[in-house]
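Now for the letters of each chain:
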Amino acid sequence: MSVKTPSRLEKVLDSGQLAVTSECGPPRGSDPEAITRKAEMIKEHVDAINITDNQTSVTRLSSLASCIHLKLMGLEPILQMVVRDRNRIALQSDILGAASFDIHNILCLSGDHQTFGDSPQGQNVFDLDSMQLIQTVRLMRDEGKFLGGDPIKRPPAMFVGAAANPFADPFEIRVPRLAKKIAAGVEFIQTQCIYNLDKFELWMKQARDRGLHEKVYILAGVTPFKSAGMAKYMKNRVPGMDVPDEVVKRMAGVPKEKQAQEGINICVETIQRLKELEGVSGFHIMAIEWEEKVPEIVERSGLYPRPKDL
Amino acid sequence: MIVANKKPIEEIIEMVKGYRKILIAGCNECVTVCEAGGKKEVGVLASSMRMFFMNEGLKTEIDEITLERQCDHEYLEELRNSIDQYEAVVSLACGVGVQFMAEKYFATHVYPGVNTCFMGVTEERGVWSERCQGCGKCILDRTAGICPISRCAKRLLNGPCGGSTKGKCEISKDLDCAWQLIIDRLKELGRLDEYEEIAPIKDWSTERAGGPRKVVREDVRQ
Amino acid sequence: MPCTGKVDLLHILRAFERGADGVYVVGCMEGDCRFDRGNLRARKRVEQAKAILDKVGVGGERVKMFNLSSGEGPRFAEYAVEMTKKITEMGPNPIKEAMGKAA
């Protein structure tokens, strides 16, 4: 495969090396220091950084503005874009806005329903769904056209990604859904964080059986537990999350002051096991509000240093 | 049918407490079926309001009528000769009927007595749920007869999202995941391969977004 | 009436509208309804009436449902006494007084 965009992430993946991405959540205010500080902590240990888009429907500094701040720091952002809050005009417009700052990575998402966040009385949009957003970015990039058909001056050169959740229901269509996103034009996938390795390996096997691992780069998502409480919360309260009992037991079986470290250990072990899994092209480390641990996780997993000359 | 829910009595009283001669007008169709605005509900509301006004020492005349429908000229015309005697009308019809009454009787104060909710079905007595949002371009042929626009909280045309859990929507355990229902039915019908067809971007111009809608049938117009 | 299931919400409300001080509905023991669930329907309607009567200032306490079996004559009398006592304590239906003042 040869690269289609100037994306650094695409270059790393194309070179056959395991890629590493992580994410930063923007602040609930207008001070960009929160993003720049988090980015500083992880920049040497990742190839690209996701900026979440009003995650869980909680209003925050926009993903696009945050990505621009990263770009101005000389870093590689991944623009997360949900279809919950913007119609097709705004979506295309923001894509061009990102492209005007030479942001080369986008992750096309549905978005959590607004009832979860700080504006449950608000409207939602869903003019397009995430599948159709993937198609839209590809249309804009490869044909240089707006959805309406008019030509785009300086089309966006974006590497197109999406999310996959092998742990959501119904399981039987999770691989067909991956196939669907590939048909829509997705080029890289970041999965929901993995704790149930058996289930993930099963999903991966089904994907390989259909040859999908050769059509898309799959980055396995991992999140370290900070505490046994966090493990229990994610097991019981987060939709689409699969945390096996053994993992919760392991966290709870360790004294409180040692739980954070155990969470990191589990994370590193997960990465090391998945490095051996055919079809895994890299890792997406989501250490929300714990970004300072990313360097340790990357180093202990044998993924440091990151490739420099590509 | 159109499903509506009674407005709380206090809210209705607040709207009309300044009037001394009021007509409560029900409707014999949808709001009767969903027990929000039929003859019985008119009677209950009228009796309740009479007691309230009496208790306040405000002599108020409250009359009752239930029309066949409030969305057709013929039935609303039945009020032509009697409506001027009333200072206000509380219509228990759906929002359509309330408006049509207000249009027809331009000089009459018309107030809504129900909250109009959606187009839906009677699952069982006392339980009604949404099925259609009137998008103007039906796609039920492609989704095994289950509508993702009205039954998916995110109206995803290529669902499900990553929040679908055990057949339920991420926003509520009481809400079925529309895409689980679609997949189950496609499986039952031996059409699961259709799942991988990508549904194209929807033309929303026939829906609310395109502006207030009208259907004109020249072939039946007189 | 053959069964409290025939009691309509409107019957209860109209009674108070016309100045009744109290209404009590006496039905069969729950589970023993001759017509299967009539007394359960009645209970729901009594609950609705209570809510409305509270909202319009008459007082939901003025309506109550009692359950007993047809052979329990003394208990029937007991309930009648209980209800009468309560209503007497509550005083007359406030509507009567209010309308008296307004007239």
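Not measured: the values here are computed from a predicted model. (Residues numbered from 1 in each chain as written. Chains lettered and ligands numbered in written order. Predicted model: local features only at pLDDT ≥ 70, side-chain atom pairs only at ≥ 80, totals over all residues. Heavy atoms only, no water.)

1. What about the sheet that holds strand β3 (residues 61–67) of chain B?
Residues and elements named next belong to chain B. To keep things clear, this is the line we draw: Only strands joined by at least two bridges in the DSSP assignment are considered to pair. Strands here are runs of E lasting at least two residues and helices are runs of H or I lasting at least four, both read from the DSSP assignment and numbered beginning at the N terminus. In this description, a line fitted to the C-alpha atoms serves as the axis of each element, helices being fitted only across the stretch in contact, and the angle between N-to-C directions of two axes falls anywhere from 0 to 180 degrees. Note on definitions: a residue-residue contact is assigned when non-hydrogen atoms from the two residues lie within 4.5 Å.
Across the sheet, which stays open at both edges, the four strands sit in the order β3-β2-β4-β5 with parallel pairing between neighbours. Edge positions in the open sheet fall to β3 and β5 (109–112), since each of these has one partner strand only. Taken over all neighbouring pairs, the strand axes of this sheet differ in orientation by 25° on average, direction set aside. The sheet contact formed by strand β2 (residues 21–27) and strand β4 (residues 88–91) spans four bridges and is parallel. Counterpart to I24 in the pairing with β4 is V90. Sheet strands touched by helix α3 (residues 39–55): β2, β3 and β4. Its angle to β3, the strand with the most contacts, is close to 175°.

2. Describing the interface of chain C and chain B
Selection criterion: Buried area is calculated as the accessible area (1.4 Å probe) missing from two parts once they are joined, with the contributions of both summed. The rule for a salt bridge is simple: a side-chain nitrogen of Lys or Arg has to be within 4 Å of a carboxyl oxygen of Asp or Glu. Pairs of N or O atoms within 3.5 Å make up the polar contacts considered here, provided that, within protein, one atom can donate a hydrogen while the other can accept it, and that residues adjacent in sequence are counted only when both atoms are side-chain atoms.
Tallying the contact residues gives 18 residues for chain C and 15 residues for chain B. Across the chain C/chain B interface, buried area totals approximately 1,600 Å², and carbon plus sulfur atoms make up 64% of it. Taken together, the links from chain C to chain B amount to four salt bridges. The partner of K55 of chain C in a salt bridge is E10 of chain B, with the nearest N and O atoms 3.1 Å apart. Our count for the contact surface shared by chain C and chain B stands at seven residue pairs in polar contact (both at pLDDT 80 or more).

3. Quick notes on helix α1 (residues 9–16) of chain B
Stated formally: Only protein chains enter the area calculation, which uses a 1.4 Å probe; residues under 20% of their type maximum are buried, those over 50% are exposed, and those in between are partly exposed. Throughout, the arc means that of the directions going from the helix axis to the C-beta atoms.
Every buried residue of α1 of chain B is accounted for by I9, I12, I13 and V16 of chain B. End-on, the buried residues of α1 of chain B take up no more than an arc of 100°, which puts them together on one face.

4. Considering the domain arrangement of chain B
You'll often see interface size given as the accessible area lost when the parts meet. We apply this condition: Marked domain ranges trace back to an automatic or database domain assignment.
By domain assignment, chain B separates into domain 1 (2–118) and domain 2 (133–203). Domain 1 of chain B and domain 2 of chain B are separated by 38 Å when their C-alpha centres are compared.

5. Topic: the interface of chain B and chain A
Just so we agree on the cut-off: Throughout, the ten residues Ala, Val, Leu, Ile, Met, Phe, Trp, Tyr, Cys and Pro are labelled nonpolar, Asp, Glu, Lys and Arg are labelled charged, and all others, Gly among them, are labelled polar.
Listed as interface residues are 29 residues of chain B and, on the opposing side, 34 residues of chain A. On the chain B side of the contact with chain A, E196, I198 and I201 of chain B bury the most area, a combined 24% of that side's loss. Where chain B touches chain A, the interface holds two salt bridges. Across the pair K187 of chain B and E172 of chain A runs a salt bridge whose closest N-O atoms are separated by 3.1 Å. At the boundary of chain B and chain A, one finds 23 residue pairs in polar contact (both at pLDDT 80 or more). Considering only residue class, the side of chain B that touches chain A consists of 13 nonpolar, eight polar and eight charged.

6. Some details on the packing of α3 of chain B against helix α1 (residues 9–17) of chain C
Spelled out, the test is: Just so you know how the angles are binned, under 35 degrees is roughly parallel, over 145 roughly antiparallel, 65 to 115 roughly perpendicular, and the rest oblique. What makes a crossing left-handed is the near helix being turned counterclockwise from the far one by less than a right angle; a clockwise turn instead makes it right-handed.
It is the contact of α3 of chain B with α1 of chain C, at a shortest axis distance of 9 Å, that shows an interaxial angle of 20°. If you check the angle between α3 of chain B and α1 of chain C, you find them roughly parallel. The handedness of the crossing between α3 of chain B and α1 of chain C is left-handed. Here α3 of chain B contributes G43, V44, S47, S48, R50, M51 and M54 of chain B to the contact with α1 of chain C, which in turn contributes L9, L10, L13, R14, F16 and E17 of chain C.

7. Observations regarding the nonpolar core
We count it as follows: Put simply, a nonpolar core is a bunch of buried Ala, Val, Leu, Ile, Met, Phe, Trp, Tyr and Cys residues held in one set by side-chain atoms that sit within 4.5 Å of each other.
Of all hydrophobic cores here, the largest spans 83 residues; its most connected members are I106, F200 and W203 of chain A. Non-local contacts of I106 of chain A, meaning those with residues more than four positions away in its chain, are made with I78, L79, M81, I95, V137, M158, F159, V160, G161 and F188 of chain A. Counting residues in each nonpolar core, the second largest holds 48 residues, with V3, V16 and C27 of chain B together with M65 of chain C among its members.

8. A short note on unusual backbone geometry
Negative phi values dominate among residues other than glycine, just as trans dominates among peptide bonds. Cis geometry is adopted by the peptide bond preceding P305 of chain A, which originates at Y304 of chain A and carries an omega value of 5°. Along the polypeptide, P305 of chain A turns up in the segment after α11 (294–300). Following G159 of chain B, the chain continues into P160 of chain B via a peptide bond in cis, with omega recorded as -5°. Phi angles above zero are rare outside glycine, and D102 of chain A is one such case at about 55°. The phi angle at D36 of chain C is positive, at roughly 85°, despite the residue not being glycine. Looking at where D36 of chain C falls in the secondary structure, it is placed in the loop between β1 (23–27) and α2 (38–55).

9. Some points on the arrangement of the chains
Ranking by contact count across two pairs of chains in contact places chains A and B at the top. A minimum C-alpha distance of 28 Å separates chain A and chain C, which share no contact.

10. What about the confidence of the model for chain C?
All names here are of chain C. Test applied: pLDDT is a per-residue confidence score from the predictor, ranging from 0 to 100.
Counting all residues, the mean pLDDT for chain C is 89, and 97% of those residues have values of 70 or more. Taking the mean pLDDT of every element in chain C, the minimum, 79, falls on helix α4 (residues 94–102) and the maximum, 94, on α1. Both confidence scores are given for the complex: pTM 0.92, ipTM 0.92.

11. Some thoughts on helix α7 (residues 178–188) of chain B
Residue and element names in this part refer to chain B. When α7 is considered as a whole, its buried residues turn out to be A178, W179, Q180, I182, I183 and L186. Looking at the buried residues of α7, the elements they touch are α6 (148–151) and β9 (172–176). Once α7 finishes, G190 follows within two positions and takes phi at roughly 70°, a positive value.

12. Some points on a nonpolar patch on the surface
What counts is decided by this rule: By definition, no residue in a patch forms a salt bridge, and every one has over 30% relative accessible area; like charges are joined within 9 Å, nonpolar side chains (Val, Leu, Ile, Met, Phe, Trp, Tyr) within 5 Å. Computed with the Shrake-Rupley method and a 1.4 Å probe, the accessible areas treat only the protein chains shown as cover for residues.
A cluster of nonpolar residues, F116 of chain A together with I171 and L175 of chain B, forms a patch on the protein surface that exposes about 220 Å² of accessible area. Position of L175 of chain B relative to the elements: it lies in strand β9. When its relative accessible area of 35% is taken as the criterion, L175 of chain B is described as partly exposed.

13. Considering the packing of aromatic side chains
Note the following rule: A pair of aromatic rings is counted whenever rings of Phe, Tyr or Trp (Trp by its six-membered ring) have centres within 6.5 Å, and the orientation is called stacked for planes under 30 degrees apart, edge-to-face for over 60 and tilted otherwise. Only lysine NZ and arginine CZ atoms are considered, and such an atom sits over a ring when it is within 6 Å of the ring centre and within 35 degrees of the ring normal.
Using the criterion set out here, one finds nine aromatic pairs over all chains in the structure. Each residue in the set F159, F188 and Y217 of chain A is aromatic and connected to the rest through ring pairs, giving one cluster. Note that R155 of chain B overlies the ring of W204 of chain B, its terminal NZ or CZ placed 3.8 Å from the centroid. Above the ring of W204 of chain B, the side-chain terminus of K202 of chain B is found at 5.9 Å from the ring centroid.

14. Comments concerning the sheet that holds strand β5 (residues 159–164) of chain A
Within a sheet, adjacent strands bond to each other through the backbone by hydrogen bonds, running parallel or antiparallel. Residues and elements named next belong to chain A. Spatially, β1-β2-β3-β4-β5-β6-β7-β8 is the arrangement adopted by the eight strands of the closed barrel, whose pairing is parallel. Taking each pair of neighbouring strands and ignoring which way they run, the sheet shows an average axis angle of 30°. Where strand β1 (residues 19–24) lies against strand β8 (residues 280–285), four bridges are found, and the strand directions are parallel. Across the sheet, the residue bridging to V20 is F283, located in β8. Helix α4 (residues 88–100) rests against β3 (77–82) and β4 (105–109) of the sheet, and its axis sits at about 170° to β3.

15. Observations regarding the side chain of S57 of chain A
Residues and elements named next belong to chain A. By the element assignment, S57 lies in the loop between β2 (48–51) and α3 (63–72). A polar contact of 3.0 Å, which involves the side chain of S57, links it to the backbone oxygen of H113. When neighbours within four sequence positions are excluded, S57 is seen to be in contact with R84, D112, H113, Q114, G117, D118 and S119.

16. A closer look at the pairing of β8 of chain A
Residues and elements named next belong to chain A. Of all six residues in β8, six are buried, a share of seventy percent or more. Here five bridges tie strand β7 (residues 217–222) to β8, and the two strands are oriented parallel to one another. Looking across to β8, one finds that I218 is bridged to V280.

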